[in-house]
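An overview of the molecular structure
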Amino acid sequence: MSTVTLDTARLEARFRPLEESLPESAVLTEADRCYYCYDAPCVVACPTSIDIPGFIRAIAVGQPRRAAERILQANPLGASCSRVCPVETLCEQHCVRAEHDGGAVRIGLLQRQAMAHFSFTQQSESLAIMSGKRVAVVGAGPAGMTVAHLLAEVGCGVDVFEAKPFAGGLNESGIAAYKMLDNAAQQEANFLLTHALIRLHCGVALGQSLHLQQLRRDYDGVFLGVGLQGQQRLGIAGENLAGVFSAVPYIAQMRRGEPVSVGQTVLVIGGGMTAMDIAIQARLLGAREVHVCYRRGVEAMGASAREQQMARDQGVYIHDYLRPIAIEGKAGICQSVLLQPTALSEGRLIDVGEPLRWMIDQVFTAIGQCMADSVGEEDMADLHFDQWGKIAVDAQFRTNLKGIWAGGDCTGRSDDLTVHAVADAKAAVLSMMVELRTEEKES
Amino acid sequence: MKPDLRSEFVGITSPNPFWLASAPPTDRAENVERAFQAGWGGVVWKTLGIDPPVVNVNGPRYGFWQGDNRRVQGFNNIELISDRPIALNLAEIKAMKSRWPDRAMVVSVMFPLDEAVWSEWLPRIEATGADGIELNLGCPHGMSERGMGSAMGQAPELVEMVTRLAKAHTHLPVIVKLTPNVTDITWSAAAALAGGADAVSLINTINSIIGVDLELMAPMPTVDGMGTHGGYCGPAVKPIALNMVAEIARHPSLGKMSISGIGGVGTWRDAAEFMALGATNIQVCTAAMLYGFRIIDDLTEGLQDWMTEQGYTCLADFAGRAVPHVTDWNQLNLNYVTKAQIDGAKCIGCGRCHIACEDTSHQAIERVVETGRYVVRAQDCVGCNLCVAVCPVVDCIRMERMELGIDPRTGVPISPQPSNWTEHPNNPLLQKDASSILGQGD
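About the thresholds
- Residues numbered from 1 in each chain as written.
- Chains lettered and ligands numbered in written order.
- Predicted model: local features only at pLDDT ≥ 70, side-chain atom pairs only at ≥ 80, totals over all residues.
- Heavy atoms only, no water.
- Pairing = 2+ DSSP bridges.
- Helix = DSSP H or I, 4+ residues; strand = E, 2+ residues; numbered from the N terminus.
- 1 Å grid on protein atoms, 1.4 Å probe; cavity = no way out; pocket = protein on both sides within 12 Å on 5 of 7 lines; lining within 4 Å.
- Points joined across faces, edges and corners; volume = space filled by probe spheres on them.
- Nonpolar A, V, L, I, M, F, W, Y, C, P; charged D, E, K, R; others polar.
- Expected span 1.5 Å × (residues − 1).
- Buried < 20%, exposed > 50% of the residue type's maximum accessible area, 1.4 Å probe, protein only.
- Arc of directions from axis to C-beta.
- Contact = heavy atoms within 4.5 Å.
- Patch = residues over 30% accessible without salt bridge, like charges linked within 9 Å, V, L, I, M, F, W, Y side chains within 5 Å.
- Areas by Shrake-Rupley, 256 points an atom, 1.4 Å probe, with all protein chains shown as cover.
- Salt bridge = Lys/Arg side-chain N within 4 Å of Asp/Glu carboxyl O.
- Lys, Arg positive; Asp, Glu negative; His and termini not counted.
- Charge placed at Lys NZ, Arg CZ, Asp CG, Glu CD.
- Buried area = accessible area lost by both parts, 1.4 Å probe.
- Polar contact = N/O pair within 3.5 Å; in protein donor to acceptor, adjacent residues only side chain to side chain.

Digging into the pairing of strand β18 (residues 365-368) of chain B
All names here are of chain B. In this structure, β18 lies alongside strand β19 (residues 373-376), joined through 4 bridges in antiparallel fashion. Looking across to β19, one finds that V368 is bridged to R373. Counted between consecutive antiparallel strands, the loop separating β18 from β19 contains 4 residues, among which G372 sits at a positive phi close to 75°.

Regarding empty space enclosed by the protein
Residues and elements named next belong to chain B. Under the criterion given, the structure shown has 5 cavities of 30 Å³ or more. Taken as a whole, the largest cavity spans an internal volume of roughly 430 Å³. S22, A23, N204, T205 and C285 are, among the 35 residues lining the largest cavity, the residues nearest its centre. At the level of elements, β4 (42-48), β6 (72-77), β8 (132-136), β14 (230-233), β16 (281-284) and α9 (286-291) are the ones that each hand at least two residues to the lining of the largest cavity. Of all the elements, α9 adds the most residues to the lining of the largest cavity, at 3 residues. Grouping the constituent residues of the lining of the largest cavity by class yields 18 nonpolar, 13 polar and 4 charged.

Some remarks on helix α3 (residues 115-126) of chain B
Residues and elements named next belong to chain B. Compared with an ideal rise of 1.5 Å per residue, which puts 12 residues at 16 Å, α3 spans 17 Å between its outermost C-alpha atoms and is within 8% of the ideal. Among all positions in α3, only V117, W118, W121, L122 and I125 are buried. For α3, the angular spread of the buried residues around the axis is 105°, confining them to a single face. Packing partners of the buried residues in α3 comprise β4, α2 (86-99), β7 (104-109), β8 and α5 (156-168).

Details of a negative patch on the surface
All names here are of chain B. On the surface, D297, D298, E301, D305 and E309 cluster together to form a negatively charged patch. Here D305 shows up in helix α10 (residues 295-310). Residue classification places D305 among the exposed positions, given a relative accessible area of 52%.

A word on the layout of surface pockets
Its volume calculated, the second largest pocket comes out at about 490 Å³. Every residue lining the second largest pocket is counted, 16 residues in all, and those nearest its centre are A:D32, A:A60, A:V61, B:G67 and B:D68. Elements with a contribution of two residues or more to the lining of the second largest pocket: α2 (24-33) and α4 (52-60) of chain A. Per-element accounting of the lining of the second largest pocket gives the leading share, 4 residues, to α4(A). Its residues assigned to classes, the lining of the second largest pocket shows 9 nonpolar, 2 polar and 5 charged.

What to know about the interface of chain A and chain B
Across the contact, 10 residues belong to chain A and 14 residues belong to chain B. Here chain A and chain B share an interface that buries about 1000 Å² over both sides, 59% of which is from carbon and sulfur atoms. If you look at where chain A meets chain B, you find 0 salt bridges. Between chain A and chain B we count 2 residue pairs in polar contact (both at pLDDT 80 or more) in total. The residue inventory of the side of chain A that touches chain B, partitioned by class, reads 6 nonpolar, 2 polar and 2 charged.

Written out as structure tokens, the structure reads:
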């Protein structure tokens, strides 16, 4: 185990080459490939309904800045979505050219190109639709930032409360560093929250200096975009050994430029995008061998085939049908992992054969996040939660408590993608505009 | 055995029907040598004028319009005729013709209306061994300001006069190159014929402003902040050229003239189309300028491949074959009913046909909600072909003829008997005494 810091030199030398981009010379050619579909399937597939043929046409006629504006109209986080969206399972999968004539148009990279032409210092104007109203947004991640930004644009005053010292949420801390180069997440957060009607309060956590009942009293509405701050646990022996890490906090620490430990032989447990992110980054940080183990087949992994291939391209070994049953250590330090082979039998996962013992000096768990332990304390006591332990909301992202909306990862209506958080937030804002405009503030 | 591409045009033979048009590619011996090495059948030497030579602008002389993938669709130029001394050109023409005796060597000229000039220079051109003379009556820029080029070509009486002058001073075949910048190309062709022309070649370039530089607020190509109209050519002009060739070819009294087809030819298919519409041979310029002389391989091999498939053994087998099928609108069969058919297996669901039809045609294409694909409602389809034009998938939408039954759009039974406008009850000429409208019939 060695200690490494993700400094600029390492970022440029090892992470930068993974950044995908379309060479300037190929942009127009790629834009010309778009058929400019009507009722385009790519738009339907985009959770935020970006006018994809429209923005690509703007690029094709030489106006990438206008393309960016069109993207932002539908998705204020158009820049980070262009970096982190699994487009191969969203817009590009549904491109009419996906199965025809040279493959899908590279929508994600074109969006990236358009957003590169946008000046993130420009301020959006406000309409007076919601003037006089005030909303509290808890959590400055993708969902909270979108809500704040959209509400400010319609004239509503917004106070944003963020537990961390900075805004951005998982975009700032949980996404692989090679996807968010050049300070992209922070630049976007500044753009979204810099508005005369938005006040950002950092270092303020719900349940500590901030209380839901108080917010309900002080504001016309409250939006909870608190994300998932807890890490799922494996529930097996050895989980507390030194050398065992939860992937998301580890990535956050690494991206802040703090020293992190890197093992020689690394095991990642999980099959989602975070599993691929951490596996790839462990390799980039210098791990000699990185294995990903997933208890079901590769086709069931949350990570797309493309993400899996990216990991393989970095020398990551992906194993399916392996389930960790114990992490073993010596003197409190992880030394090996016991893995049980599994198989599908009549749709059920069963154990087959003898467990394997792999010599591993660093384990990452990337099996998902959950509400933090603090949830359920008196502060949130009246909120209803769903079967997955997330905040229960209806189709308008209203919680059971009047005047309180929730969206993003802390609700369970959609996958934990940035683009879904934005879509949640858009729906919540629409609902707030309808309800808060027609109602007087409760006193 | 491969089809025979050997070509004869007003007595001028060449190993294939592809000549390089009078233009920058035929400006000098170096170019022509490379062209002949590449396999071109002949050249029309860049237009000669009398000394002192013209001078060209020293800024950009070409403008262009690019389509998808930056491919040039239209091209224009403000270049003038040869800017080299006439004697130098003649020496090079002589050398090239003697090095390449089997290739066609035609010399383009643009001389003022001064018989002394023609009588002096045409014999000297003939002395080089050249095979023919082409009269440049077409350049729409620069030269026309001096009373030559299209200034001559636009006035039929001048066309006739110049042709007669040329014929009087040379034994070589005289080809009159026509400008398309006229109301009716057949007037120019008739004038050339009246002056004794052996053939016409067309089209020369079209008057054009290719674009405007919106920063400089000036036409392109821009020379020190100013621009001027130039001659338009390239793929974009082919349809205009095809029509003009066809108008001459199907004209009762002009149709026997030999036609050298020019205008946007870049592929064997373009060439075959020109020849089907009555051109005996083909002149190429822009495509060679954009891709180099090597395109001659595609032109010759492609034409031979196609001829083999069709069973044609020589050019005469298909030359002019489409001419009898060019007619006036009022002769078209109004009982020929077509409906668009979308191949559901090929449809990719882009919706282009739907929105085009919905917004700008007859609202005849609808989306099938279950499949996301599109179908045509025959009762609304007028058979206009717009959907075929916008569909990105090859052969996905076809126009299918309805042979029998009732046209669901009009409710009228489809007659197997052809019938055209001249017979249609809505034609006002049928309701009145036709001669009173037409005046005295001719």
